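Overview (structure and organization)
In case you want the letters, here they are:
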Amino acid sequence: MSRHLAQLNVGRLAYDIDDPAVADFVAGRQMIDRIAAAAPGFVWKPERGFGDAEAERIGSDPRLLYSLSVWESAEALAHFVWRTLHKRFVKRRAEWFVAPDEAHLVLWWVALGHRPSLSEALGRLAQLRQHGDTDHTFGWARLAKISGITSDRSMA
């Protein structure tokens, strides 16, 4: 394979990070990070201390968090998202995060060895929001069409 798949997922917590309403999310972040790092096809994610909420923030908004990672393939990312404990976190997203009114997930191909910066990733998300799915930036549905993976929560 001559390229890898990068992903950025952003979300705004519905409560402050120390609120009991998001305690399960906060407590599970370290475990999900470890599962991702051990998953087949995982390539990279930014280094940060486990549970380091500061490192997961975008700008000065303490509730605006992100996840950025690189995967060997669409299949590897889909397996992690829909066939590991991570799926339970996806199902509970509405409990912990404000419902997005625009795209919150962007996917794009990167050259082998490339490690996207947060700035680059946010630029890709802005492009997706402005132009929709393109060859340059896309969401799950487009990824499913071009790779044959299942695009939604139907993976059990």
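Details of the structure are given in the entry above.
Our subject in this report is the structure included herewith. Keep in mind that what you see is a predicted model, and the values were worked out from it rather than measured.

Once that is clear, we can look at the nonpolar core. One finds Leu5, Trp71, Trp140 and Leu143 to be the most contacted residues of the largest nonpolar core, which totals 29 residues. Of all hydrophobic cores here, the second largest spans 14 residues; its members include Ile58, Leu68, Val70 and Ala121.

The next subject is the pairing of strand β5 (residues 105-111). Counting buried residues along β5, six of its seven residues qualify, which places the element largely inside the surrounding structure. In the sheet, strand β1 (residues 3-12) pairs with β5 via seven bridges, with the strands oriented antiparallel. Considered in β5, the bridge of Arg3 is made with Ala111.

Okay, the pattern of salt bridges next. Applying the stated rule across the entire model yields seven salt bridges. A salt bridge links Arg92 to Glu95, with the shortest nitrogen-to-oxygen separation between them at 2.9 Å. Note on Arg92: relative accessible area 28%, which makes it partly exposed. Classification of Glu95 as partly exposed rests on a relative accessible area of 42%. Put simply, Arg142 and Asp135 hold a salt bridge, and the shortest N to O gap is 2.2 Å. You can call Arg142 partly exposed: its relative accessible area is 22%. Residues joined by salt bridges that share partners form a network here, namely Asp24, Arg92 and Glu95.

For helix α1 (residues 23-38), with 16 residues, the first-to-last C-alpha span of 24 Å sits near the 22 Å given by 1.5 Å per residue. Maximal helix bending in α1 amounts to about 40°, located at Arg29. Residues Phe25, Gly28, Arg29, Ile32, Asp33 and Ala36 constitute the buried set of α1. The inward-facing, buried residues of α1 abut β2 (42-44), β4 (61-71), α2 (74-83), α3 (86-91) and α4 (93-96).

Attention shifts here to the side chain of Gln7. You can see Gln7 is positioned in strand β1. Judged by its relative accessible area of 7%, Gln7 is buried. Looking at Gln7, its side chain comes within polar contact range of the side chain of Ser67, at 3.3 Å. At a separation of 2.9 Å, a polar atom in the side chain of Gln7 contacts the side chain of Ser69. Leave out the neighbours within four places in its chain, and Gln7 touches Ser67, Leu68, Ser69, Trp71, Leu77, Leu105, Val106, Leu107 and Trp108.

With that settled, the discussion passes to the packing of aromatic side chains. Applying the stated criterion across every chain yields a total of seven aromatic pairs. Aromatic pair Phe42 and Trp71: ring centres 5.3 Å apart, planes at 80°, arrangement edge-to-face. Within this pair, whereas Phe42 is found in strand β2, its partner Trp71 is found in strand β4, the two being separated by 29 residues in sequence. The burial state of Phe42 is the same as that of Trp71; both residues are buried. Seen from their ring centres, Trp109 and Phe138 are 6.1 Å apart, and the 45° between their planes marks the pair as tilted. Of this pair, Trp109 sits in strand β5 while Phe138 sits in the loop between α5 (118-131) and α6 (140-147), placing them 29 residues apart in sequence. For the pair Trp109 and Phe138, one class covers both residues: buried. Aromatic rings pair up to connect Phe25, Phe89, Trp96 and Phe97 into one cluster.

Conventions adopted
Residues take numbers from 1 onward in each chain, read along the sequence in its written order. Where totals are concerned, whole chains, interfaces and linings use all residues; where local detail is concerned, this predicted model gives features only for residues with pLDDT of at least 70, and gives and counts side-chain atom pairs only at 80 or more. The side-chain values count all of the structure's non-hydrogen atoms but skip hydrogen atoms and water molecules. Nonpolar core, defined: a set of buried Ala, Val, Leu, Ile, Met, Phe, Trp, Tyr and Cys residues in which side-chain atoms within 4.5 Å join the residues together. Per-residue accessibility, obtained with a 1.4 Å probe over protein chains only, is compared with the maximum for each type, and a residue is labelled buried under 20%, exposed over 50%, and partly exposed between these values. Here a helix means four or more residues in a row that DSSP labels H or I, a strand means two or more in a row labelled E, and each is numbered from the N terminus. Pairing between two strands requires that DSSP report at least two bridges joining them. Note on definitions: salt bridges are taken to be side-chain nitrogens of Lys or Arg within 4 Å of carboxyl oxygens of Asp or Glu. Multiplying 1.5 Å by the residue count of a helix minus one yields the expected span of that helix. What we call the bend at a residue is the angle made by axes fitted to the seven residues finishing there and the seven residues starting there. Note on definitions: a residue-residue contact is assigned when non-hydrogen atoms from the two residues lie within 4.5 Å. Distance and chemistry together define a polar contact, namely a pair of N or O atoms within 3.5 Å, with one atom able to donate a hydrogen and the other to accept it when in protein, and with adjacent residues in sequence counting only for side-chain atoms on both sides. Ring geometry is summarised as follows: Phe, Tyr and Trp rings, the Trp one being its six-membered ring, pair when their centres sit within 6.5 Å, and such pairs are stacked at plane angles under 30 degrees, edge-to-face over 60 and tilted between the two.

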